Each structure stands twice: as C-alpha cells, then as structure tokens.
Amino acid sequence: MKKILVTGAAGQIGSELTMTLRKKYGNENIIATGHKTKPDETLLESGPFHFIDCTEIHTVAEIIKRYKVDTIYHLASVLSAVAEEKPQLAWNVNMTGLYTVLEVAREYECHVFAPSSIGAFGPTTPLNNTPQDTTQRPNTMYGITKVAGELLCDYYFKRFGVDTRGVRYPGLISYKTPPGGGTTDYAVEIYYAAVGQRKYTCYLKEGTYLDMMYMPDALKAAIELMEANPARLKHRNAFNVTAMSVAPEDITAEIRKTLPEFTIDYEIDPLRQAIADSWPNKMDDTAAREEWGWKPEYELDSMTKDMMEKISQRLKINMD
Ligand code: SER
C-alpha cells in the first residue's frame, strides 16, 4: 500500500487532493502537512496531519521515516502575486522547499509530484499554442522559481534517478478552498461574487486570455501522471496541461446564462495585469495527451454550472 506525504495540504489544491488520495488509498496512508493555514475539520479528522516547515530538511525527513513514506505530492508554494510582494519569501518557500523535498526523496527513494505553472513562461514565449518545449524567460519571482524547479526536478531524475513528475498547471478554479494570492484568482472570485452580489469588479482587462482548469481535472492530472507508465514518459516534469482558454468576458457570458442580471466592471491592477500579459493565452498540451493520456472532463459551460450550484448551496443563496 502506498504511503503518501502531501505538503501544502491546507492550500487550494492540497485540501482537495488530500481527500481524494485518502478515498483512493486509505485515510491513514495519506500524511497531510501544512505550515500556518489551519485545514478544515474533515481533513484534520480523517487522517494524520502535521504542521511542518517544508524548508527544514530534518523535519521533512522525520515524517518520511516515521510513516515510511514512498511518494510525495509537494504542493507548498507561494503564488505569483504574493511572490511579487515578497520575493525573498517566495524564493525560500518555492526553491528551498523543493530542494529539501528532492534531497529527502533521493535519500529515502520517494516518488515526487512537483507542479510547475503557466507562470514558468514569460513575455518572449509564444503566447498562442505555447509549445511544450519553448523559450522560458519569465520576469516574475514566481516564474523564476517555477523554471528553476522544473530544471531541478529533471536534474534529480537524470542524475540521481529520483522519479520526479509534474505538470504546468493553468489557473485553477474551485469552490472549496480559495487560492492564496495568484494572478488567476479572479476566475474563482467572479463566481462567488456572481452568486453572492450579482456583480463583480475584475482586476484583469477584458480580452486577457489565460488557460484555466476546474479542480477535479487538476486532481485527475496529478494522480494520472503519477500512475502513468514511466516507459511512456519522454518528458517527466512540467507537462503543459489545459482545459480551456478564457477571458473575463467569457466567464461573464457563461454566468449570465444562469444569472442574466449579473454585471461586471473593471478596475485594473497593474501588477497582476502585467503578470497575466506575460503568460500564455493558450498552451499546447499534446505531449501530456500523447505520453500519459491526459484529457480534461470539464469545459467552461460544465464547470460554470457546477461552480454556481455548489457555491449557491454553500452560501445558501437561491439563484431563482
Ligand atoms: N494560479 C497561479 C497564479 O496565479 C498560476 O500558477 O499564481
């Protein structure tokens, strides 16, 4: 039976991935860890949870030894907008954290899932149908840590044989745990605002196209990649994966199918707009499709329907 460590387990991806892994592999076999954010009760009560600092090698090694962990989903990371506010913190969490996990994985022979992001691309990358292998010269601290992380994971595989795997996640949309300070957060906020207030002020301009994905597909991508036959993987780390390429007005139009009175206006945040402008409009994820059968289930319409239903249940607001 697998023994899995999840770092960043109280975060946007981690909170849902932990519960999905617990259902799949058994509650006791998934060791969830976080830093400061308190996880919700379900996560806390359904299996082991520890507060740790994933940049401290002895702490991480201790957990690996204690539970005989064989696989690590390393999700602890500072997102793009916060990373621009606190670049030193972002370097430490994103780089030292990853280095620590890879070192421990080398020593204790663990498999590692370490996600990269659309943030690993930059203004000189082809922004339409962004190829799997292309120019990566990001100009944000977040992007720099993500490119360096991709290279480091490749290095640990080639040099030490550590089974590292990863995807470049697009903006992730979910109704359970909010993202913590990213550039794509508007795509979550807009749904809460639509159901709650029937209006939203967007910090990105109309026409800002970015890749997005609904959380169930993001979880599926992580688990399917970790279960893929390694002989088929020509790339191991940093697979482009996407489900849709959307701009704020596309989500607005989709929401209006359920809530015709919903309105949007725009107050641009120059920091996040500049970051978004340097990221792909639409990635080409052919390599992931060919090498491990990647295929998303949700498109904009099915995701919007599910988000609106779930949020109205959560907020106890009737949409009729
Ligand atoms: N969603 C992330 C961010 O906006 C991108 O990986 O920072």
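Every value quoted in this text rests on a predicted model; they were computed, and no experiment measured them.

A. View of the sheet that holds strand β12 (residues 210-214). Strand order in the open sheet made by the 3 strands is β10-β12-β14, with mixed pairing throughout. The strands lining the two open edges of the sheet, one partner per strand, are β10 (171-173) and β14 (244-246). Within this sheet the neighbouring strands show an average axis-to-axis angle of 45 degrees, counted without direction. The sheet contact formed by β12 and β14 spans 3 bridges and is antiparallel. Counted as the bridge partner of Leu210 is Val246 from β14. The strands touched by helix α8 (residues 215-227) within the sheet are β10 and β12, with β12 carrying the most contacts at an inclination of about 85 degrees.

B. Fine view of the site of the ligand. For the ligand, the full set of nearby residues is Leu79, Ser80, Ser117, Tyr142, Gly182, Thr183, Thr184 and Trp279. At 2.6 Å from an oxygen atom of the ligand is found a side-chain nitrogen or oxygen belonging to Ser117. Considering the ligand on its own, with 240 Å² of exposed area, one finds that the protein chains cover 93% of that surface. Residue composition of the shell around the ligand, by class: 3 nonpolar, 5 polar and no charged.

C. Local environment of the sheet that holds strand β6 (residues 116-117). Spatially, 3 strands are ordered β6-β9-β13 in an open sheet, and the strand pairing comes out parallel. Each edge of the open sheet carries a strand with a single partner, namely β6 and β13 (239-240). Of the pairings in the sheet, the one linking strand β9 (residues 167-169) to β13 comprises 2 bridges and is parallel in character. Bridge pairing in β13 places Arg168 opposite Asn240.

D. Just the packing of helix α7 (residues 186-197) against helix α9 (residues 248-256), in detail. At a minimum axis separation of 11 Å, α7 and α9 run at an interaxial angle of 30 degrees. Between α7 and α9, the interaxial angle falls into the category roughly parallel. In terms of crossing hand, the pair formed by α7 and α9 is right-handed. Only Pro248, Ile251, Thr252 and Ile255 of α9 make contact with α7, whose side of the interface consists of Tyr186, Ala187, Ile190, Tyr191 and Ala194. Residues of the contact of α7 with α9, tallied by class, amount to 8 nonpolar, 1 polar and no charged.

E. Representation of the side chain of Ser80. Mapped onto the elements of the fold, Ser80 is located in helix α4 (residues 80-85). Within polar-contact distance, the side chain of Ser80 engages the side chain of Thr183 at 2.7 Å. Non-local contacts of Ser80, meaning those with residues more than four positions away in its chain, are made with Tyr142, Gly181, Gly182, Thr183, Ile275 and Trp279.

F. Representation of the nonpolar core in the model. Grouped together as the largest cluster of nonpolar side chains are 77 residues, with contacts concentrated most on Tyr73, Tyr191 and Trp292. What Tyr191 contacts, discounting residues up to four positions off in sequence, is Ile173, Ile251, Ile255, Leu300, Met303, Thr304, Met307, Met308 and Ile311. Judged by nonpolar contacts, the second largest core, of 23 residues, contains Cys54, Tyr67, Leu98 and Tyr156.

G. Highlighting the packing of aromatic side chains. This structure, assessed with the given rule, holds 11 aromatic pairs. Each ring, one from Tyr155 and one from Phe160, has its centre 6.1 Å from the other, and the planes form 85 degrees; the classification is edge-to-face. Between Tyr186 and Tyr203, the aromatic rings sit 6.3 Å apart at their centres with planes inclined by 85 degrees, giving edge-to-face as the arrangement. With a gap of 17 residues between them, Tyr186 in helix α7 and Tyr203 in the loop between β11 (199-202) and β12 connect regions that are remote in the sequence. Assigned by exposure class, Tyr186 and Tyr203 land together as buried. Every member of this aromatic cluster is reached through a ring pair, and the members are Tyr73, Phe113 and Tyr169. For the cation-ring pair, Arg106 lies above Phe160, with the distance from its terminal atom to the ring centre recorded as 5.2 Å.

H. View of α9. When we look at burial in α9, the residues that qualify are Pro248, Ile251, Thr252, Glu254 and Ile255. Looking down the long axis of α9, one finds its buried residues gathered within 165 degrees of arc, a one-sided arrangement. In this fold, the buried residues of α9 make contact with α7, β11, β14, β15 (263-266) and α12 (300-315).

I. Structural context of α8. With 13 residues, α8 ought to run about 18 Å at 1.5 Å a step, and its terminal C-alpha atoms sit 18 Å apart, in line with that. The buried fraction of α8 amounts to 10 of the 13 residues, a majority that puts the element mostly inside the structure. Every buried residue of α8 is listed here: Met215, Asp217, Ala218, Leu219, Lys220, Ala221, Ala222, Ile223, Leu225 and Met226.

Reading the values: rules and limits
- The residue numbering used here restarts from 1 in each chain and proceeds along that chain's sequence as written.
- Residues qualify for local features only when their pLDDT is at least 70, as the model is predicted, and side-chain atom pairs are given and counted only at 80 or more; totals for whole chains, interfaces and linings, by contrast, use all residues.
- Side-chain metrics rest on all non-hydrogen atoms present in the structure, leaving aside hydrogens and water.
- Strands are treated as partners if at least two bridges between them are detected by DSSP.
- Per the convention used, a helix needs a DSSP run of H or I reaching at least four residues, while a strand needs a run of E reaching at least two, with both numbered from the N terminus.
- Between the N-to-C directions of two axes lies an angle of 0 to 180 degrees, each axis being a line fitted to C-alpha atoms and, for a helix, fitted only over the stretch in contact.
- When checking whether two residues touch, look at their non-hydrogen atoms; a contact exists if any pair is within 4.5 Å.
- Proximity criterion: a residue is near a molecule or strand once any of its heavy atoms comes within 4 Å of it.
- Here a polar contact is recorded for every N or O atom pair within 3.5 Å, except that within protein the pair must consist of a potential hydrogen donor and a potential acceptor, and residues adjacent in sequence are included only if both atoms are side-chain atoms.
- In short, Shrake-Rupley with a 1.4 Å probe defines the accessible areas, and a residue's cover is counted only from the protein chains shown.
- The nonpolar class holds Ala, Val, Leu, Ile, Met, Phe, Trp, Tyr, Cys and Pro. Asp, Glu, Lys and Arg form the charged class, and all remaining residues, Gly among them, are polar.
- We call two directions roughly parallel when the angle between them is under 35 degrees, roughly antiparallel when it is over 145, roughly perpendicular when it lies between 65 and 115, and oblique otherwise.
- In this scheme the crossing of two helices becomes right-handed for a clockwise turn of the near helix relative to the far one and left-handed for an anticlockwise turn of less than a right angle.
- Buried Ala, Val, Leu, Ile, Met, Phe, Trp, Tyr and Cys residues that are joined via side-chain atoms within 4.5 Å together make up what is termed a nonpolar core.
- Exposure categories follow from relative accessible area, calculated using a 1.4 Å probe and restricted to protein chains: below 20% of the type maximum is buried, above 50% is exposed, and the middle band is partly exposed.
- Stacked, tilted and edge-to-face pairs are distinguished by plane angle, under 30 degrees for stacked and over 60 for edge-to-face with tilted covering the rest, among Phe, Tyr and Trp rings (Trp via its six-membered ring) whose centres lie within 6.5 Å.
- In this scheme, Lys NZ or Arg CZ marks a charge over a ring once it lies within 6 Å of the ring centre and within 35 degrees of the ring normal.
- Along the arc lie the directions from the helix axis toward the C-beta atoms.
- A helix is expected to span 1.5 Å for every residue after the first.

Geometric values such as these leave the question of function open.
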